[in-house]
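Next come the chains, spelled out residue by residue.
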Amino acid sequence: MKKLTTLTTATVLSLGIFQSAAATELQISTWAGPNHGVNSIVWPTWGSWIEEATDGRVSINVVHDMGPPGAQMELIADGVADVTWLFHGLMPGRFELTKLPEFPTFKDFSSEAASVAYWRTHQEYFADLNEHRGVEVIGLGVHGPGTLFLEEPIERLDELPGNRVRIGGGIMADVSEALGLTGVALPPGKTYEAASQGVIDGAMLTQEGLKSFRLSEVLPNTVLMPGGFYRGSFSLVMNPDTLASLSPEDREALLSVSGERLSRLFGFMMDVVDGRGMAFAEEMGNTFIELPQEEVDRFMTLVEDLPEQWAEAVAEKGVDGEAALEHFYEQLEEAGEEGGLTEDDLVEQG
């Protein structure tokens with residue numbers, strides 16, 4: 001009996017060690033506040049998908065403030081963390097292909113459809129060019145209509161030159177230059193402080209920023225443009241060694257809930273939080289400015305050359321930019337007609 005007890009104990013201990021070794025917890029480095037939709041919706045939902053797909057063998061742990069937004073790619077490439085999200089515009093000069101979904105279109109479409117179309121276009125035209133070298137791209141995202149938030153209201157675009165406005169990078173920077181704005185490069189999380197201290201007169205950000213970055217408190221005038229002044233490009237990336245370290249079964253399971261599915265989740269999250277941001281600003285009594293058609297036409301003229309300039313730039317990388325854009329808009333229309341996610345599909349924290 002004593003020998004049997006010893007054997008049973010040893011067996012239990014060895015099984016426990018095996019199960020512990022088989023379990024993997026992915027360390028996710030994130031930025032923006034805990035209430036931002038990526039942190040309150042995307043990571044919890046994706047984490048639940050992973051746990052279900054791997055029968056609990058793979059889970060996630062979200063860690064805040066491991067580094068500034070522009071340093072996230074290095075954190076993953078160096079193995080400091082396993083997964084993160086990137087806003088390409090915060091790394092000027094690093095990315096060029098990622099401007100594809102950012103151009104003003106003057107058409108309304110969901111971020112969910114745009115993110116799906118972006119993933120499909122990336123897989124078709126960009127993936128082999130390895131612009132994200134050092135990390136594995138597991139999802140892509142497009143944010144909602146880029147919006148101009150101001151301290152003081154305007155009626156015409158020619159009132160904008162000289163205004164100091166927070167910008168990121170990418171097409172947003174080109175748009176701000178076309179409008180004659182004085183761009184001030186800031187990460188989103190620093191915008192509230194800069195506006196409250198009078199360092200900036202406005203900001204270019206997404207509509208969700210009215211709530212998540214508290215812009216409605218300091219920049220109460222929201223200037224709207226059909227389809228947005230711009231869009232923004234994101235990627236969700238993973239350390240390649242971490243991905244390779246998973247068992248074939250778990251690696252396949254993780255990838256099955258990533259890619260287009262994760263991209264769709266990111267885009268749908270942006271649609272949800274943009275709506276919440278606008279509703280919050282309305283409750284705060286903010287002013288929403290719809291410019292007259294002649295001002296929309298003027299802006300259209302100011303930015304009409306941006307897609308052609310981009311196509312010429314990416315041609316040096318061997319990319320047919322015009323074909324890629326055409327494919328993106330085709331996929332955008334198709335994705336818009338497909339059934340998508342609902343809020344019932346989300347796991348939300350906070």
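In case you missed it, the structure is sitting above this.
Residues numbered from 1 in each chain as written. Predicted model: local features only at pLDDT ≥ 70, side-chain atom pairs only at ≥ 80, totals over all residues. Heavy atoms only, no water.

Considerations on the overall build of the protein
For the protein, the count of helices and strands is 14 helices and eleven strands. A compact globule built from 350 residues should have a C-alpha radius of gyration of about 20 Å, and the protein, at 22 Å, falls within 12% of that. By principal-axis analysis of the C-alpha atoms, the protein measures approximately 90 × 45 × 35 Å. By the burial criterion, 52% of the 350 residues in the protein qualify as buried. Contacts in the protein between residues at least 24 apart in sequence constitute 81% of all its contacts with a sequence separation of at least 6. Distance between charge centres in the protein, computed from 21 positive and 57 negative side chains, equals 9 Å. (Helix = DSSP H or I, 4+ residues; strand = E, 2+ residues; numbered from the N terminus. Rg over C-alpha atoms; globule rule 2.2 N^0.38 Å. Buried < 20%, exposed > 50% of the residue type's maximum accessible area, 1.4 Å probe, protein only. Contact = heavy atoms within 4.5 Å. Lys, Arg positive; Asp, Glu negative; His and termini not counted. Charge placed at Lys NZ, Arg CZ, Asp CG, Glu CD.)

Some remarks on the pattern of salt bridges
It is possible for side chains bearing opposite charge to pair when their charged atoms get close. What the rule picks out here adds up to 17 salt bridges. Of the charged contacts, one joins Glu96 and Lys99 as a salt bridge, the two residues approaching to 3.5 Å between their closest N and O atoms. Since its relative accessible area comes to 16%, Lys99 is described here as buried. Among the salt bridges present, the one from Arg264 reaches Glu112, with a minimum N-O distance of 3.1 Å. Placement of the pair is Arg264 in helix 11 (residues 260-283) and Glu112 in helix 4 (residues 111-126), with a sequence separation of 152 residues. According to the relative accessible area criterion, Arg264 is buried, its value standing at 12%. Each of Glu112, Arg120, Glu260, Arg264 and Glu338 takes part in a single network of salt bridges with overlapping partners. (Salt bridge = Lys/Arg side-chain N within 4 Å of Asp/Glu carboxyl O.)

Regarding the packing of helix 4 against helix 14 (residues 321-337)
The interhelical angle for the contact between helix 4 and helix 14, taken along N-to-C directions, is 140°, at an axis separation of 8 Å. It follows that helix 4 is oblique to helix 14 by the angle criterion. For the element pair helix 4 and helix 14, the recorded crossing hand is right-handed. For the pair formed by helix 4 and helix 14, the contact residues are Ala113, Ala114, Val116, Ala117, Tyr118, Arg120, Thr121, Glu124, Tyr125 and Phe126 on the first element and Ala323, Ala324, His327, Phe328, Gln331, Leu332, Glu334, Ala335 and Gly336 on the second. The residue inventory of the contact of helix 4 with helix 14, partitioned by class, reads twelve nonpolar, four polar and three charged. (Axes fitted to C-alpha atoms, helices over the stretch in contact; angles between N-to-C directions. Parallel < 35°, antiparallel > 145°, perpendicular 65-115°, else oblique. Left-handed = near helix turned anticlockwise from the far one by under 90°. Nonpolar A, V, L, I, M, F, W, Y, C, P; charged D, E, K, R; others polar.)

Observations regarding the packing of helix 13 (residues 306-315) against helix 14
The contact between helix 13 and helix 14 brings their axes to 8 Å, and the two run at 125°. As judged from the angle between their axes, helix 13 and helix 14 are oblique. Along its contact with helix 13, which presents Pro307, Trp310, Ala311 and Val314, the element helix 14 presents Gly321, Glu322 and Leu325. Split into classes, the residues belonging to the contact of helix 13 with helix 14 amount to five nonpolar, one polar and one charged.

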